[in-house]
Amino acid sequence: MQKFSFHTHTVFSDGKNSIQEMVEKAKLLGFDKIGISDHLIVHKNITQTRSYEEQKRIYHQSFDEVVAACNKHAEDIRKAQKTYGVKTFVGYEVDYFTYKGWEDELRDFLTKIDYDYIISGNHFLMSEDGEKIFDIWRFKDCDDALKGDIKTYIKRHFETLAKAVRSNLFMFLAHPDYVQKIEVYREQDYQSEINALIDALMQTNTPCEISTKGLRKFGHFFPSDHILQKMLKQNIAFIISDDAHNIDELGIYFEKAEEQLASFGCKKRLIPE
Ligand SMILES: [Zn+2]
Ligand SMILES: [Zn+2]
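All values reported here derive from a predicted model rather than from experimental measurement. (Residues numbered from 1 in each chain as written. Chains lettered and ligands numbered in written order. Predicted model: local features only at pLDDT ≥ 70, side-chain atom pairs only at ≥ 80, totals over all residues.)

In this section: the overall build of the chain. Looking only at helices and strands, one finds ten helices and nine strands in the chain. The C-alpha radius of gyration of the chain comes to 18 Å, within 12% of the 19 Å expected for a compact globule of 273 residues. Seen through its C-alpha atoms, the chain measures out along the principal axes to roughly 50 × 45 × 30 Å. In the chain, which comprises 273 residues, the proportion classed as buried is 41%. (Helix = DSSP H or I, 4+ residues; strand = E, 2+ residues; numbered from the N terminus. Rg over C-alpha atoms; globule rule 2.2 N^0.38 Å. Buried ≥ 20, exposed ≤ 12 C-beta atoms within 10 Å, placed from the backbone.)

Printed below as a string of structure tokens:
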């Protein structure tokens, strides 16, 4: 069974436990390594989102704001490796935005921080120019205008993920169908966008995660069985993630995810070193 997780959160973003507590739990579980991938959510108009007030601690308007904090965070993660003897990796789960200049700013930021990897995890729908964003998890409160045009926004969401993948910046793609959270989402309406996303993964050789968070929250994995099967048909590599936000979620249902991957004939696995 996979004995590591590279999609985990700590109090640095919206997790409940410290780095030390997460690494200690990883050791207890017999993990030989763990990647800490706290959220990195940077958008110049982030203050306009519905969730800004409650999330402002982890939402940022510019990359410059977070350089110092990220470097201190990396130091703490590397210290925990020495304390617990579990190999630690410094990662971030980055929301990929599409407004002009954003990707260049991210690339520049990455030259200024100590990190090992980033993963692509998108939690927002966005306008065509990427300037206005809407929290997927607060969708119920969104503008009626957005609701009326929701299919366009969800299509764009998959297109944004494909762009993120094609940037070649990310070690793997997290929760590709996070839009399952939106009640009106029906996977069959987005086949061509999902196929294009799978093409992007294939052509860039980017792995995808199978996340047990879906299992905890909705009773089935992210991605859906159907998307998982399609991806495996194209021989996309997979990594099992828990998206753990506390020590109890670390490594949870990994045996079920192993069974799922085996039953669908997964042959390629991502094993970060
Ligand atoms: Zn996420
Ligand atoms: Zn996450």
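A few words on the nonpolar core. Residues Met22, Val165, Phe170, Phe172, Leu173, Leu197 and Leu201 are the most contacted members of the largest nonpolar core, which totals 67 residues. Residues within four places of Val165 in sequence aside, it is in contact with Ser120, Phe170, Leu173, Ala200, Leu201, Thr204 and Thr206. (Core = buried A, V, L, I, M, F, W, Y, C linked by C-beta atoms within 7 Å. Contact = placed C-beta atoms within 7 Å.)

Here we take up the environment of Glu193. Among the structural elements, Glu193 can be located in helix H7 (residues 191–204). Expressed as a C-alpha distance, the spacing of Glu193 and Ser62, which sit 131 residues apart in the sequence, is 30 Å. Excluding residues within four positions of it along the chain, Glu193 makes contact with Lys155, Phe158 and Glu159.

Next up on the list: the pairing of strand E2 (residues 33–42). Looking along a regular strand, one sees the side chains alternate between the two faces of the sheet. Burial runs high along E2: nine of the ten residues are buried. Pairing of strand E1 (residues 4–5) with E2, which is carried by two bridges, proceeds in the parallel orientation. Note that in E2 the partner of Ser5 across the bridge is Ile34. Across eight bridges, E2 lies against strand E4 (residues 87–94) in parallel orientation. Of the residues in E4, the one forming a bridge with Leu40 is Val94. As paired elements, E2 and strand E3 (residues 59–60) share two bridges and run parallel to each other. Residue Ile41 lies in a different strand from E3, and its bridge partner there is Tyr59. (Pairing = 2+ DSSP bridges.)

Moving on, we get to the pairing of E4. Taking burial as the measure, the eight residues of E4 include seven buried ones, the bulk of the element. Across four bridges, the pairing between E4 and strand E5 (residues 117–120) is parallel. When the sheet's bridge partners are listed, Val94 is paired in E5 with Ser120. The β-α-β motif built from E4, the intervening helix H4 (residues 102–110) and the parallel element E5 has right-handed crossover chirality. (Right-handed = clockwise from strand over helix to strand, strands pointing away.)

Now for the packing of helix H6 (residues 150–166) against H7. Packing of H6 against H7 leaves a shortest axis separation of 9 Å and a crossing angle of 5°. Classified by the interaxial angle, the pair formed by H6 and H7 is roughly parallel. Across the interface between the two elements, Lys155, Phe158, Glu159, Leu161, Ala162, Val165 and Arg166 from H6 touch Glu193, Ile194, Ala196, Leu197, Ala200, Leu201 and Thr204 from H7. Looking at the contact of H6 with H7 residue by residue, the class counts come to nine nonpolar, one polar and four charged. (Axes fitted to C-alpha atoms, helices over the stretch in contact; angles between N-to-C directions. Parallel < 35°, antiparallel > 145°, perpendicular 65-115°, else oblique. Nonpolar A, V, L, I, M, F, W, Y, C, P; charged D, E, K, R; others polar.)

Let's shift gears to the environment of Ile58. As for its placement among the helices and strands, Ile58 is situated in the loop between helix H2 (52–55) and E3. Leaving out residues up to four positions away in the same chain, Ile58 has contacts with Ser13, Asp14, His39 and Ile41.

With their axes 10 Å apart at the nearest point, helix H1 (residues 19–28) and helix H3 (residues 67–84) run at an angle of 40° to one another. Considering their axes alone, H1 and H3 lie oblique with respect to each other. H3 is crossed by H1, and the crossing has right-handed handedness. Along its contact with H1, which presents Ile19, Gln20, Val23, Glu24 and Lys27, the element H3 presents Asp76, Ile77, Ala80, Thr83 and Tyr84. In terms of residue class, the contact of H1 with H3 is made up of five nonpolar, two polar and three charged. (Left-handed = near helix turned anticlockwise from the far one by under 90°.)

Below, the discussion takes up unusual backbone geometry. As a rule of thumb, non-glycine residues mostly have phi less than zero, and peptide bonds are mostly trans rather than cis. With an omega of -5°, the peptide bond between Phe222 and Pro223 qualifies as cis. Locating Pro223 in the fold gives a position in the loop between helix H8 (212–218) and helix H9 (225–233). We note that Asp243 has phi near 50°; this positive angle belongs to a residue other than glycine. On the secondary structure map, Asp243 appears in the loop between strand E9 (238–241) and helix H10 (254–263). Here the phi dihedral of Tyr253 falls at roughly 60°; this positive angle occurs in a residue that is not glycine. By the secondary structure assignment, Tyr253 is in the loop between E9 and H10.

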